[in-house]
Each structure stands twice: as C-alpha cells, then as structure tokens.
Amino acid sequence: MSAAVQPTAAPATTGRARRRIGVGVIGFGWLGQAHSRSMLRIPTLFGERGFDPELVICADTAPERIDDAVHSFGFARGTAEWRQVVEDPGVDLVVIAAPNMLHVELVEAAAAAGKHVFCEKPVGGTPEQTVRAEKAARRAGIITGVGYNYRWAPLVRHAAELVSSGALGEITNYRGRFFSMYGSDPLGVLSWRFLVDQAGHGVTTDLMSHSVDLAHLLLGPITRVVGTTETFIRERPLPNPSRPPTHYGRGRPGDPTGTVTNEDYAGMLCEFACGARGTFESSRSIVGPESQMAFDVYGTRGALGWNLEKLNELQVYLAEDGLDTGYRTVFGGDRFPYHGHFVPGSANGIGFEDLVVIEDYEFCRSVAEGRRHRPGFAEAVEWVSVQAALLESVKTGRWEHVVSLRED
Ligand SMILES: NC(=O)c1ccc[n+]([C@@H]2O[C@H](COP(=O)([O-])OP(=O)(O)OC[C@H]3O[C@@H](n4cnc5c(N)ncnc54)[C@H](O)[C@@H]3O)[C@@H](O)[C@H]2O)c1
C-alpha cells in the first residue's frame, strides 16, 4: 500500500515534526473548492496539529477550474484526467467531490492504489454503490471519511452530549428535516443533481442522507420506516454547455428544457431501536425555508432544536426550570468544541465552511494517526440501509424493516 504518510522537516520555530499529507482532489466545484480551502486554512487554525496538508494535484473536466486550482489555490499540478490523481505518488489522501454517480469508480481506483479517501456524501448515488465503495475500501485497508459536515457543528456536538447525558430524560420523538430552496425556481437549470444517471436518487441521496446521519449520531439506529416521494417540477432549462452548471444556476424563459429524473421531495415516518419515533422530510423545491437543515429532539424532561439557518444557536427546553419553562437560546461560543479555533468569546459566529475545515482537520488527524475515522464509509452504509428501506416502502406503500446492507 502506498498510503504511508511521510514526516516533514520540523519548522525551525516550533521544533515539532509534523507528517506531510499529500492531498489530491477530484471535482473542483463547490465542495472540491471548499475542501481545498480547508486544507489551506488548517495550519492557521489548528496549531496543535501533528500533520501538514499539501495540495498536490487536482482533477476537473472544466479547464477554467483546473486553472483556478493551480493558480489561485496553489495545487502543484492540475489535470482533466482523474486517474492521474489516484496514481500520483505524492498523494496520500484523495478527496472525492465529483457528481455522485462517479464516486464508486473513483473510490475503487483510489482504494486499489492504497490512497486514503475522503468522499463527499453520500458516497455513490444508490445504496448498491455505497455498499460497493465500502467493501472496496475495507478490503484495501484504507481510512475513509464522508462529508457529513453537520456532525461537526459545535452546537450539534453539544446537543449530542445533552442527549447522551440524559439531560432531556428518555427520548420519545425526533423530527429531522432538510428543506432547501435550491430547486424551488422552475428556471433552476437541469444540473447533474436532477438526473438519476449522474446524481442517483434525488433528495433522499442529496438531503435526507444528512438528516438521518445526524439522527444516527444523536439517537442511534432506525429499525422500521414508511415513506413517500414526489417530483414537483418535472422539466427544467438545460444548462449552458459552455460552462459547468452550478447548484444555483438559472436559465431563462424559453430556454430548451429537459426532464428531471429523480425526486424533489421525500417524507418518512420511522421507529428507532431506542424506542423513539421519528419523522423526516426533505425537499429541494419548497418555497420558504432556504437552507433548513434542522432537527428537534423531544424527551421526557426536555427538548432541543437546531437549524443550520441559525448555526450558532441551539434551542433548549428543560422541564426542571419549573415556573420559568420555555425554550431558551444558547449562543455558540468558545466553550463548545472547535468554536474557539475560529473565533474567541461567545456569540461571535462561525459559518458553513468552518464545518468543512473541522471535518478535514479530523480526517487528516485520523490519517496521520493511522486509525479508523467516523463518519466513514461504514456510517455511509448505515444511511443507505435506511434509504433502501424507504425506497422499498415508496414502492410497496407499507412499513419496511431496515436491514443492514453491509457485505462481508
Ligand atoms: N456536505 C455538503 O454539505 C455538500 C454540499 C454540496 C455538495 N456536496 C457533495 O459534493 C459532491 C460535489 O457536489 P458540488 O456541489 O461540489 O458539485 P459541483 O457541480 O459544484 O462540482 C462538481 C465538479 O465535478 C467536476 N466533474 C464532473 N465530472 C468529472 C470528472 N469525470 N472528473 C473530474 N471532475 C469532474 C465538474 O466539472 C464540477 O467542477 C457531491 O457528491 C455532493 O453531494 C456535499
């Protein structure tokens, strides 16, 4: 396996040896750029790190993005051929941020080359692909990570502590939702996200994966589900072929259109192994909530709620407050995990990309220390096991049991 991480010379001022981690990135759109910026920011934010990331090579099919990777981000090399990334001897870790249906082939090639892999969620576009990717990575013995970035929000980690400490009593029910307006405008272009052959499934893959992953973190496994899906906007303008379509790109009235081939909406009722009941909803075509990746947890002695739109606020209700009951707002601050790496004090906020920095820091740390990382591909398979049951329920109209899809 060529995945050994080499020590670099200690900077003269610190006297501390740090391991060099050569980073290759495949797909240099929104998230490929976010991860690359993270790798550049890690040294300025985590002085205690035992490694130094180095941007080695970036692949994208769009020439202007390769140019940007080299000339603005400082990658040593850029290429239109992703195989050069997995084969580069200077690369220890491959970040996969290409459209979902490409993930599994890239993971298999990187695993065969012995590179550690951080793959954007959900790892493939279908449950079958996620299972294949997990199996290839496990057999190759590489370390894997998945971009379930909301796990790393300081107040989400605090929420997890409140739940596990019993502060809310016994958890009775859970509400998870990811409502995004990115597809609410019928003029939003037919980017890869709306096509089953490029994205795989629609919002179950793109959005509900995040919601259920957080529920797994907070409450544990789901045992049974029943659900429904719908596509509300069935035709969208075709993207301009001369530039890569973005998530938020818009066409014009009268543009030629194409057919949306995966779902805009998914709803699911479920039972958790811990006994709690839950509801999940995801939509990309809803009007109103703009990026409402949110959850509520209800227990016998209290409740809490978090919403990405207010990432630096946690709503907490404790019945023990007696006459003074009511939700109170807990502001983010440096007393919570990671927050102080970005900004000191309380109520000085952090942002979306800071969560990507935290996940990249933790993944590089796992690689440098040679240990399993969570969330990794095993956790990705836990979500697609739920997704497969949900999709089956949509077909049968009945409750379906969640069966682990992991293959030995
Ligand atoms: N964790 C999160 O919050 C989050 C948010 C957005 C996207 N994502 C995930 O990140 C991944 C990428 O999404 P995005 O929004 O960055 O997409 P994007 O469309 O902005 O970027 C994808 C890039 O991949 C490139 N590409 C396409 N085919 C390629 C190939 N064969 N080789 C190399 N590059 C190729 C495209 O040119 C484009 O630059 C997806 O899996 C998505 O689910 C995660």
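**A word on the pairing of strand 5 (residues 93–96)**
Item 1. Burial of the side chains of strand 5 extends over both faces: L93 and V95 are buried on one face and V94 and I96 on the other.
Item 2. Pairing between strand 2 (residues 19–26) and strand 5: four bridges, direction parallel. Each bridged residue has a counterpart across the sheet, and for G24 the counterpart in strand 5 is V94.
Item 3. Pairing of strand 5 with strand 6 (residues 116–119), which is carried by four bridges, proceeds in the parallel orientation.

**Notes on the sheet that holds strand 9 (residues 222–230)**
Item 1. Pairing is mixed in the open sheet, where nine strands are placed in the order 17-16-15-14-8-13-12-9-18. Strand pairing shows two members of the sheet lacking a second neighbour, strand 17 (328–331) and strand 18 (400–401), which therefore form its edges.
Item 2. In the sheet, strand 9 pairs with strand 12 (residues 265–272) via eight bridges, with the strands oriented antiparallel. Within strand 12, the position partnered with G227 by the bridge is M268.

**Notes on the site of the ligand**
Item 1. Around the ligand, the surrounding shell holds 26 residues, and the nearest of these are L31, D60, R65, N100 and W192.
Item 2. G29 has a polar backbone atom sitting 3.5 Å from an oxygen atom of the ligand.
Item 3. Within the side chain of E120, a nitrogen or oxygen atom sits 3.1 Å from a nitrogen atom of the ligand.
Item 4. Calculation on the ligand without its partners gives an accessible area of 840 Å², and the protein chains cover 91% of this total.
Item 5. Counting residues per element, the ones that place at least two in the shell around the ligand are helix 1 (30–45) and helix 8 (203–219).

**Observations concerning the packing of aromatic side chains**
Item 1. Under the counting rule described, the total for this entry stands at 17 aromatic pairs.
Item 2. Measuring from ring centre to ring centre gives 6.3 Å for F46 and F342, while their planes differ by 85°; the resulting arrangement is edge-to-face. Of the two residues, F46 is situated in the loop between helix 1 and strand 3 (51–59) and F342 in helix 9 (residues 339–342); the sequence distance between them amounts to 296 residues. Across this residue pair, the class does not change: F46 and F342 are buried.

**Overview of the state of the cysteines**
Item 1. Enumeration according to the criterion identifies zero disulfides in this entry.
Item 2. Unpaired in terms of disulfides, C119 finds its nearest cysteine sulfur in C58, a separation of 15 Å.
Item 3. There is no disulfide at C364, and the cysteine sulfur nearest it, in C119, is 15 Å away.

**Regarding the pattern of salt bridges**
Item 1. As enumerated under the stated definition, the model contains 29 salt bridges in all.
Item 2. Here R250 ties to D185 by a salt bridge, and the two come within 3.1 Å at their closest N and O atoms. Of this pair, R250 sits in the loop between strand 10 (235–237) and strand 11 (257–259) while D185 sits in the loop between strand 8 (171–180) and helix 7 (196–199), placing them 65 residues apart in sequence.
Item 3. The closest approach of N and O atoms between K395 and E392, which form a salt bridge, is 3.6 Å. Residue K395 and its partner E392 are both found in helix 11 (residues 377–396); the two are separated by three residues, about one turn of the helix.
Item 4. The class for E392 is partly exposed, based on a relative accessible area of 35%.
Item 5. Salt bridges sharing partners connect three or more residues here, namely E134, R138, R406 and D408.

**Here's the deal with the environment of E320**
Item 1. Structurally, E320 is set in the loop between strand 16 (313–318) and strand 17.
Item 2. Taking the C-alpha atoms as reference points, E320 and P89, separated by 231 residues in sequence, lie 59 Å from one another.

The rules we used
Residues numbered from 1 in each chain as written. Predicted model: local features only at pLDDT ≥ 70, side-chain atom pairs only at ≥ 80, totals over all residues. Heavy atoms only, no water. Buried < 20%, exposed > 50% of the residue type's maximum accessible area, 1.4 Å probe, protein only. Helix = DSSP H or I, 4+ residues; strand = E, 2+ residues; numbered from the N terminus. Pairing = 2+ DSSP bridges. Near = heavy atom within 4 Å. Polar contact = N/O pair within 3.5 Å; in protein donor to acceptor, adjacent residues only side chain to side chain. Areas by Shrake-Rupley, 256 points an atom, 1.4 Å probe, with all protein chains shown as cover. Phe/Tyr/Trp six-rings, centres within 6.5 Å; stacked < 30°, edge-to-face > 60°. Disulfide = S-S within 2.5 Å. Salt bridge = Lys/Arg side-chain N within 4 Å of Asp/Glu carboxyl O.

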